[in-house]
Amino acid sequence: MARVAVVTGGTRGIGKAIALALNKAGYRVVANYAGNEEKAKTFEKDTGIPARKWDVADFGACMDACGQIAKEFGPVEVLVNNAGITRDATMRKMARESWDAVVDTNLGGCFNMCKAVWEGMLDRGFGRIVNIGSINGQAGQYGQVNYAAAKSGIHGFTKALAQEGAAKGITVNAIAPGYIDTDMVAAVPPNVLEKIVARIPVGRLGKADEIARGVAFLVADDAGFITGSTMSINGGQHMY
Ligand code: NDP
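The following refers to the structure shown.

## Side note on the pairing of strand β4 (residues 76-81)
- The element β4 is largely enclosed, with a buried count of six among its six residues.
- Sheet topology note: the strand β1 (residues 4-7)/β4 ladder contains four bridges and is parallel. Paired with Ala 5 across the strands is Val 78, a residue of β4.
- Sheet analysis places β4 next to strand β5 (residues 127-132), joined by four bridges and oriented parallel.

## A word on the packing of aromatic side chains
- Under the counting rule described, the total for this entry stands at one aromatic pair.
- Between Phe 59 and Phe 111, the aromatic rings sit 6.5 Å apart at their centres with planes inclined by 25 degrees, giving stacked as the arrangement. Of this pair, Phe 59 sits in helix α3 (residues 59-72) while Phe 111 is found in helix α4 (residues 96-124), placing the two residues 52 residues apart along the sequence.
- One Lys or Arg, Arg 3, reaches over the ring of Phe 126 and ends 3.6 Å from the middle of that ring.

## Brief notes about the sheet that holds β1
- With parallel pairing, the seven strands of this open sheet are ordered in space as β3-β2-β1-β4-β5-β6-β7. Edge strands, defined here as strands with exactly one partner in the open sheet, are β3 (51-53) and β7 (230-233). Across this sheet, the average inter-strand angle for adjacent strands is 20 degrees, counted without regard to direction.
- Taken together, the four bridges between β1 and strand β2 (residues 28-33) define a ladder with parallel strand orientation. In the sheet register, Val 6 faces β2, and the bridge partner there is Val 30.

## Quick look at the site of the ligand
- In the region of the ligand, 31 residues are neighbours, and Arg 12, Gly 35, Asn 82, Tyr 147 and Thr 182 sit closest.
- Measuring from an oxygen atom of the ligand, one finds a backbone N or O atom of Ala 34 at 2.9 Å.
- Look at the ligand: alone it shows 900 Å² of surface, and the protein chains cover 93% of it.
- For the shell around the ligand, a count of residues per class yields 14 nonpolar, 13 polar and four charged.

## Focus on the pattern of salt bridges
- For the structure on display, the rule yields nine salt bridges.
- The residue Glu 37 makes a salt bridge to Lys 53 at a minimum N-O spacing of 2.8 Å. Within this pair, whereas Glu 37 is found in helix α2 (residues 37-47), its partner Lys 53 is found in strand β3, the two being separated by 16 residues in sequence.
- Given a relative accessible area of 48%, Lys 53 falls into the partly exposed group.
- Here Glu 77 ties to Arg 124 by a salt bridge, and the two come within 3.5 Å at their closest N and O atoms. Note that Glu 77 is positioned in strand β4 and Arg 124 in helix α4, a separation of 47 residues in sequence.
- Shared partners join several salt bridges into a network, and the residues in it are Arg 3, Glu 77, Arg 124 and Asp 221.

## Structural notes on the side chain of His 155
- Relative to the helices and strands, His 155 resides in helix α6 (residues 145-165).
- For His 155, a relative accessible area of 7% gives the class buried.

## Things to note about the packing of α4 against α6
- The N-to-C vectors of α4 and α6 enclose an angle of 15 degrees; their axes lie 8 Å apart at closest approach. Comparing their axes, α6 and α4 come out roughly parallel. Taken as a pair, α4 and α6 cross one another with a handedness that is right-handed. Together, Ser 98, Trp 99, Val 102, Val 103, Asn 106, Leu 107, Cys 110, Phe 111, Cys 114 and Trp 118 of α4 and Val 145, Asn 146, Tyr 147, Ala 149, Ala 150, Lys 151, Gly 153, Ile 154, Phe 157, Leu 161, Glu 164 and Gly 165 of α6 make up the contact between the two elements.

## Comments concerning a negative patch on the surface
- On the surface, a cluster of negative charge is made up of Asp 55, Asp 58, Asp 64 and Asp 104.
- Mapped onto the elements, Asp 104 comes out in helix α4.

Here is what the cut-offs are and how they apply
- The numbering scheme is per chain: residues are counted from 1 as the chain's sequence reads.
- Thresholds applied to this predicted model are a pLDDT of at least 70 for local features of residues and 80 or more for the giving and counting of side-chain atom pairs; totals over whole chains, interfaces and linings are not thresholded and use all residues.
- Each side-chain value is derived from all of the structure's non-hydrogen atoms; neither hydrogens nor water enter the calculation.
- Residue exposure (1.4 Å probe, protein chains only): buried if accessible area is under 20% of the type maximum, exposed if over 50%, otherwise partly exposed.
- Put simply, DSSP H or I for four residues or longer makes a helix, DSSP E for two residues or longer makes a strand, and each gets a number counted from the N terminus.
- For two strands to be treated as a pair, DSSP must find no fewer than two bridges joining them.
- Stacked, tilted and edge-to-face pairs are distinguished by plane angle, under 30 degrees for stacked and over 60 for edge-to-face with tilted covering the rest, among Phe, Tyr and Trp rings (Trp via its six-membered ring) whose centres lie within 6.5 Å.
- Two limits define a charge over a ring: the Lys NZ or Arg CZ must be within 6 Å of the ring centre, and within 35 degrees of the ring normal.
- All axes are obtained by fitting lines to C-alpha atoms, using only the stretch in contact for helices, and the reported angles, taken between N-to-C directions, cover 0 to 180 degrees.
- It suffices for a single heavy atom of a residue to lie within 4 Å of a molecule or strand for the residue to be listed as near it.
- Two N or O atoms count as a polar contact when they lie within 3.5 Å, although within protein this holds only if one can serve as hydrogen donor and the other as acceptor, and sequence-adjacent residues are included solely when both atoms are side-chain atoms.
- Surface accessibility follows the Shrake-Rupley procedure with a 1.4 Å probe radius. Residue values consider only the protein chains on display as shielding.
- Here the nonpolar group is Ala, Val, Leu, Ile, Met, Phe, Trp, Tyr, Cys and Pro; Asp, Glu, Lys and Arg are the charged ones; every other residue, Gly included, is treated as polar.
- When a carboxyl oxygen of Asp or Glu lies within 4 Å of a side-chain nitrogen of Lys or Arg, that pair is called a salt bridge.
- Any angle that is under 35 degrees is reported as roughly parallel, and any over 145 degrees as roughly antiparallel; angles of 65 to 115 degrees are reported as roughly perpendicular and all others as oblique.
- It is the rotation of the near helix from the far one that decides the hand of a crossing: anticlockwise by less than a right angle makes it left-handed, clockwise makes it right-handed.
- Only heavy atoms enter the contact rule, under which two residues are in contact if any of them lie within 4.5 Å.
- A patch is a set of surface residues, each over 30% in relative accessible area and not in a salt bridge, joined within 9 Å for like charges and within 5 Å for the nonpolar side chains Val, Leu, Ile, Met, Phe, Trp and Tyr.
- Counted as positive: Lys and Arg. Counted as negative: Asp and Glu. His and the chain ends are not counted at all.
- All charge positions are set by atom: Lys at NZ, Arg at CZ, Asp at CG, Glu at CD.

In structure tokens form, the structure reads like this:
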């Protein structure tokens, strides 16, 4: 039977590309989203992949959603923690709420979702988790103390959880994307984006499919010896 894969933030951007790639590879995919109904409906209609709404920052909602998915589709054996937001501002201007929102969603969401599937993965002796970090968690970024801290946390979280899963058939890896052509990057002012692209050796923004390719590789059944690693997919912008 096909393995069930949950992709958070899976209805647009990088998450959508991941959901499509895993669907194509034969997984039974469920895509999560936060509130953009229009995108979610179009996604479901175009792809045939079910979309489910819950807030990854809400621990109870994650537990309920994974329980419901297990009943409807089967136990979650592949989890891709992709949902993420930005609330950029310099330290002087950053509101406490912007710190909380980004840390609770980008890092707290990763904990909540792993917690919701971990016990089941241990029981079955199999699991694949991929957490989407960021080049800005590796290198830092002006105006992003919240985002860089949360994404840097993802990389530490991944290495710690990988150690707990290693002898139990569960791998936990991270992907650190560079700048990828999605709505999130479209929000960066054009003059700033131009300077960013000038620093990417490959000479362009990345494509969501190029991240999805890495996820499909890491979640494969025969990728059991790859755990605790961070795959940088960034056009050579940051060689970590
Ligand atoms: P987008 O803004 O295009 O999409 C974000 C997705 O996450 C949407 O599906 C959104 O749902 C969902 N989401 C946001 N908050 C929540 C929440 N609280 N609960 C559930 N779902 C949520 O982002 P990208 O595709 O650009 O980014 C995907 C991931 O990759 C993020 O973690 C991001 O930090 C990371 N990343 C992106 C880079 C880039 O250049 N784009 C670079 C490095 C890392 P909805 O549609 O309902 O709003």
